[in-house]
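# Secondary and tertiary structure notes
Chain by chain, the residues:
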Amino acid sequence: MRPPSLFELRRGRLCLLLAFTVSFALPAMAQRLPGGVTPSHYNLAFDVDLANARFTGTELIDVELERASKSIVLNAAEITFKDVEIRSAALTQKATVSLDASRQMATLTVPRDVARGRAQIYVTYAGILNDKLRGFYLSTEKDQRIAVTQFESTDARRAFPSFDEPAYKATFDISLTIDAVDMAISNSRVISDRMTGSKHTVTFATTPKMSSYLVAMAVGRFGCVEGAADGTPIRVCGLEGKQQMGRTALDAAQQVLRFYNTYFSTRYPFGKLDMLGVPDFAAGAMENTGAIFYRERDLLVDDKGASLTARKRIAHVVAHEMAHQWFGDLVTMKWWDDIWLNEGFANWMESRPLASMRPDWNVAVDDAIDNQAALNLDSLKTTHAVHAAVETPEQIDEAFDAITYDKGAAVLRMVENYVGPDAFRRGVNNYLQAHAYGNATSQDFWTAISDASGKSVDRILPSFINQPGAPLLEVSLSCVNGRSTLDVSQQRFFQDPAAGSTRSPERWQIPVCVKTAGTGGGCDLIADNKQALALGNSCVPWAFVNAGAQGYYRTAYSADMLRALAPRIQESLSPPERVSLAGDEWAMVRAGRDSAANYLTLVRGYANEHVNGVLDGITGRLEMINDYVTTAESQPRFQRFVRDLFSPLFQEIGFTSTAVDSDERRALRATLIHMLGDIGEDPAIASRAQTALDRALAGSQPLDPTLASSIVSVSARHGDAALFDALLAAAERSSSGDEKYRYLYALGKFRDPKLIARALEYSLTPRLRTQDTASFYRTLLEQAPARAQTWTFMQTHWPEIEPKIRVFEGDTTITSALGNFCDAANRDEVTAFFKDHPLPGAARTLSQTVERINNCIALRTAQTPNVAEFLAKQ
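The text that follows walks through the structure, step by step, so that each part is easy to find. One numbering rule holds for all chains: residues counted from 1, following each sequence as written. Confidence filtering applies because this is a predicted model: local features only for residues at pLDDT of at least 70, side-chain atom pairs given and counted only at 80 or more, and all residues used for totals across whole chains, interfaces and linings. Values reported for side chains reflect all heavy atoms of the structure, with hydrogen atoms and water molecules removed beforehand.

## Points about the state of the cysteines
Two cysteines whose sulfur atoms are joined by a covalent bond form what is called a disulfide. The term disulfide is used for any two cysteine sulfur atoms that are within 2.5 Å. Per the stated rule, a full pass over the model turns up four disulfides. A disulfide bridge connects cysteine 224 with cysteine 237, and the sulfur atoms are separated by 2.1 Å. Looking along the S-S bond of the cysteine 224-cysteine 237 disulfide, the torsion reads about 100 degrees, which is the right-handed sense. Placement of cysteine 224 in strand S16 (residues 222-229) and of cysteine 237 in strand S17 (residues 232-239) is noted, with a sequence separation of 13 residues between them. For cysteine 237, a relative accessible area of 0% puts it in the buried group. Numbering of helices and strands runs from the N terminus; a helix is a DSSP stretch of H or I covering at least four residues, while a strand is a stretch of E covering at least two. Accessible area is worked out with a 1.4 Å probe on protein chains only. A residue is then buried under 20% of its type maximum, exposed over 50%, and partly exposed in between.

## Looking at the nonpolar core
By convention a nonpolar core is built from buried Ala, Val, Leu, Ile, Met, Phe, Trp, Tyr and Cys residues, the set being connected through side-chain atoms within 4.5 Å. By size, the foremost hydrophobic cluster in this structure holds 291 residues, and its most contacted members are Phe160, Phe163, Phe445 and Phe646. Broken down by element, this core gets its largest block of residues, 11 residues, from helix H7 (residues 402-419). When near neighbours in sequence (up to four residues on either side) are disregarded, phenylalanine 445 contacts Trp340, Leu341, Phe345, Leu412, Phe424, Val428, Tyr431 and Leu461. Listed in part, the six residues of the second largest apolar core include Leu472, Phe493, Met588 and Ala591. Here, residues are in contact when the closest pair of their heavy atoms is within 4.5 Å.

## Here's the deal with unusual backbone geometry
Residue serine 153 follows glutamate 152 across a cis peptide bond; omega there is 10 degrees. Topologically, serine 153 is positioned in the loop between strand S10 (144-150) and strand S11 (171-179). For glutamate 78, which is not glycine, the phi dihedral falls at a positive 60 degrees. Relative to the helices and strands, glutamate 78 resides in the loop between strand S3 (69-75) and strand S4 (79-88). Not every positive phi belongs to a glycine, and tyrosine 437 is a case in point at roughly 60 degrees.

## Considerations on the sheet that holds strand S20 (residues 291-295)
Sheet architecture is open: five strands sit in the order S16-S17-S18-S20-S19, paired in mixed fashion. For this open sheet the edge positions go to S16 and strand S19 (285-286), each flanked by a neighbour on one side alone. In the sheet, S17 pairs with strand S18 (residues 273-278) via four bridges, with the strands oriented parallel. Opposite isoleucine 234, over in S18, you have leucine 273 as the bridge partner. Axis definition: a line fit to C-alpha positions, over the contact stretch in the case of helices; interaxial angles, taken between N-to-C directions, run 0 to 180 degrees. Lying on the sheet, helix H2 (residues 247-263) is in contact with S16, S17 and S18; it crosses S16 at an angle near 30 degrees. Strand pairing is defined by DSSP finding a minimum of two bridges between the two strands.

## Comments concerning the packing of aromatic side chains
In summary, the pairing rule links any two rings of Phe, Tyr or Trp, Trp by its six-membered ring, whose centres are within 6.5 Å, and it sorts them by plane angle into stacked for under 30 degrees, edge-to-face for over 60 and tilted for everything else. Applying the stated rule across the entire model yields 43 aromatic pairs. Taking the centre distance of 5.9 Å and the plane angle of 65 degrees together, the rings of tyrosine 268 and tryptophan 326 count as edge-to-face. Highlighted residues: tyrosine 268 in the loop between H2 and S18 and tryptophan 326 in the loop between helix H3 (308-324) and strand S21 (331-333), separated in sequence by 58 residues. Accessibility assignment for this pair places tyrosine 268 and tryptophan 326 in one class, buried. Ring geometry for phenylalanine 724 versus phenylalanine 750: centroids 5.4 Å apart, planes at 65 degrees, classification edge-to-face. Of this pair, phenylalanine 724 sits in helix H21 (residues 721-733) while phenylalanine 750 sits in the loop between helix H22 (737-746) and helix H23 (753-762), and the two are 26 residues apart along the sequence. The burial state of phenylalanine 724 is the same as that of phenylalanine 750; both residues are buried. One residue, arginine 87, lies across the ring of tyrosine 122, its end atom 4.4 Å from the ring centre. Above the face of the tyrosine 263 ring, arginine 425 is positioned so that its terminal group lies 4.9 Å from the ring centre. For a ring to carry a charge above it, either NZ of a lysine or CZ of an arginine must fall within 6 Å of the ring centroid while also lying within 35 degrees of the normal to the ring plane.

## A short note on the pattern of salt bridges
Any carboxyl oxygen of Asp or Glu within 4 Å of a side-chain nitrogen of Lys or Arg constitutes a salt bridge here. Per the stated rule, a full pass over the model turns up 48 salt bridges. Of the charged contacts, one joins arginine 413 and aspartate 367 as a salt bridge, the two residues approaching to 3.6 Å between their closest N and O atoms. Of this pair, arginine 413 sits in helix H7 while aspartate 367 sits in helix H5 (residues 363-378); the two residues are 46 residues apart in sequence, bridging distant segments of the chain. Note on accessibility: arginine 413 and aspartate 367 belong to one class, buried. Arginine 665 serves as the salt-bridge partner of aspartate 661, at 3.4 Å between the closest nitrogen and oxygen. What makes aspartate 661 buried here is its relative accessible area of 13%. Classification of arginine 665 as partly exposed rests on a relative accessible area of 27%.

## Focus: H22
One full turn of an α-helix is made of 3.6 residues, so residues set three or four places apart face in the same direction. In terms of residue burial, H22 counts as a mostly covered element, since eight of its 10 residues are buried. Listed as buried for H22 are Gly737, Asp738, Tyr741, Arg742, Tyr743, Leu744, Tyr745 and Ala746. Turning to H22, the residues buried within the fold contact H3, helix H19 (683-698), helix H20 (705-717), H21, H23 and helix H24 (770-781).

## Quick notes on the environment of glycine 231
By the element assignment, glycine 231 lies in the loop between S16 and S17. The exposure class assigned to glycine 231 is exposed, which follows from its relative accessible area of 70%. When the C-alpha atoms of glycine 231 and glycine 719 are compared, they prove to be 53 Å apart, with 488 residues separating the residues in sequence.

## Topic: a negative patch on the surface
On the surface, Asp251, Asp302, Asp303 and Glu739 cluster together into a negatively charged patch. Its location among the elements puts aspartate 303 in the loop between S20 and H3. Here aspartate 303 falls in the partly exposed class, since its relative accessible area comes to 39%. Nonpolar side chains (Val, Leu, Ile, Met, Phe, Trp, Tyr) within 5 Å and like charges within 9 Å form the patches, drawn only from residues with over 30% relative accessible area and no salt bridge. Method for areas: the Shrake-Rupley scheme with a 1.4 Å probe, in which residue coverage is limited to the protein chains shown. His is not counted here, nor are the chain ends, while Lys and Arg score as positive and Asp and Glu score as negative. Lys charges are placed at NZ, Arg charges at CZ, Asp charges at CG and Glu charges at CD.

## Examining the layout of surface pockets
A probe as big as a water molecule, rolled over the atoms, marks out the empty space that is left. Any residue with an atom within 4 Å of a point lines the site, the site being either a cavity, points on a 1 Å grid over the protein atoms alone where a 1.4 Å probe fits but cannot get out, or a pocket, an open set with protein on both sides within 12 Å along at least 5 of 7 lines. Grid points are joined across faces, edges and corners, and a volume is the space filled by probe spheres set on the points. Considered as a void within the structure, the largest pocket measures approximately 1,000 Å³ in volume. Forming the walls of the largest pocket are 40 residues, and the residues nearest its centre are Thr140, Glu141, Pro279, Asp280 and Arg769. Contributions of two or more residues to the lining of the largest pocket are made by strand S9 (135-141), H21, H22 and H24. The nonpolar class holds Ala, Val, Leu, Ile, Met, Phe, Trp, Tyr, Cys and Pro. Asp, Glu, Lys and Arg form the charged class, and all remaining residues, Gly among them, are polar. Looking at the lining of the largest pocket residue by residue, the classes come out as 14 nonpolar, nine polar and 17 charged. The space that makes up the second largest pocket amounts to roughly 430 Å³. Contributing to the lining of the second largest pocket are 22 residues, with Gly305, Pro702, Glu739, Arg742 and Tyr743 lying nearest its centre.

From the geometry alone we can't say anything about function, so treat these as descriptive.
Right, dumping it as structure tokens:
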């Protein structure tokens, strides 16, 4: 599954400010089934009433009882039971149903013991197509209604009584009785479609063995574009009239499937692949077996007007969800504590086909950026281990965070780099073949890689998966008798300077690859607290201690090493390595180990940076300095520093795109417009942006799609009521998700309090979809001029807002966005408010938000004088 807007969080300029969840203790009452009964097959028949937002169901479950019993416990929520029977070879018995709503369970009880062995559970029931974007729910657009499912993590039980845990894999027969004008999509191909009065019944082939959360159903008036790869039919579908916007995704899916069929020894195992864009969808996408569902903007796009960001987002999300067909669907984790086996693997795998398909996209830089996002979160005291205990539905949902996705992927990349891609691939395929159509654990995986590579991966991976945090390597160079030695010590890295002053007990087995002036980078395993690495028979002036930027650790360089390396950044370090170095040095500033003045000196080495992903990371940190570490007196000087440093590069790149510009050059131009217009407050950039936007809104000259977001953002920051009205109108009339959200979220960029108030009032109207509410508020909370006003509004209107953010990750998005505050008063107010208005699914995120605010306060206190002194000397 892809969390909403994950691509933007990963690539966004504020990703360094964002964090998600924390570790948590187990509840007193675990919400897991008691066991003893195992399903093998479900026969499910649904009669869907779209007009009245309801459905009825008939279900027959084949089960195996480990022992004789009078009762069977399964999961159910929002289900009204009618007839219930338990059938065995000996007899059929009517069952009574006892519901436990708090644990989402139903106990079926019969008068006499059901014998050990095979039995069947027969149920007729009714349910609702809810408006919560979970379970079997209703999505609407204008006059069209569709019914669609979102079952991960624990919501299949809202559509049919089930053993709704991932280890209870079974096969499924599904049929849907629907209105004559509608079509149906499910996991398997259609095997019959017959009229039944004014409706028709669509029956699907039996599915492979899979977990209940991967069942998929969709009913509505859909249109599809069709293709195929290696004999597998592929469809990309949307509401009627939108299907042609699926061409980009279809092309990506065909290329990705061919790549995966080559990489994996098991070819695509599910017969067909449907991909459906849904108007209302809480997640970014969901990897249902053979039928992947998406938010519309993550699947459908106007080919001619698509920005680079939109095209990359769709390619990444498609590759991610298709990787899940192996990691998650074919082989599924036994329990949600190993969700990284699904999500970390899919994040790692998605880059492989894209790097092959589009080498010009610098996917390795994107991977390095992902590493930084995970390391930032892992530097907090309130982070959690990749493998973390979860029991309740709220805890499970909260586990879908940057640790699960980005750290999981980063650790896989590091191990792959250490053992070699061929050995790693053999281990992956051995793992998939050994557990196909079954379940697996973390130990199963690292055992497979260890056996395939002959290296001690079964010691390396547990040290990164089973304990929280990330290592800090403190390094220094020495040269004795003409031989260089790198002295390395390890400890856990904390962003909080106070926490970092005491050594914590965590220790890692760390593959460390070192690059020097004379070598491309050899790798060693750091297992001790202190270790010396021989670098050869000559004295080297510098060493970069993360060759290839594949390592999952922070590096603290001695002052002389950094001085020797800094002038060689562009000539000696690859783009991913430049991402890593800048990230490590900023982390040292955040931890109180270095001065922001030294970081700004290092940034001078990036003034001629031509790789957009590298420069974009620098931009995010400059944005934080501008917002939090300058004063009214020093901020204009800082803005001038930014203009002076990057204007020469902008003059080279220019404001206007040309027909021969590459995607990379266009993206770099967009970053420079943002940097100089939003951070540098360059009036000339703002004026040119406003002129370009006015022409586009008037229909006389469209914006370059890749520049559009930066141009709109800069214009909105300097915009008036007329522009606000124009952007709102453009957002509401746009049929392109890319364009719609560009204008919609720009409403949160205005600085006039009256326009901020209008944006806030708009957020309460039905015109803003529930799926977009949390992200809309996040945009406002990220902007200093709107932050306090937005928070006051949210508190005042909480009864209206809360239901709209109770969808998947809505509560954590809101709570995390409040971490953009940087003062004690608002920190205490946030804490007090959520004490009185708790969000169970984001309770742990609140602790992390408080820690982030505290860390920001410490940064502001320590570094504001250093930045002021640095700027005074410029």
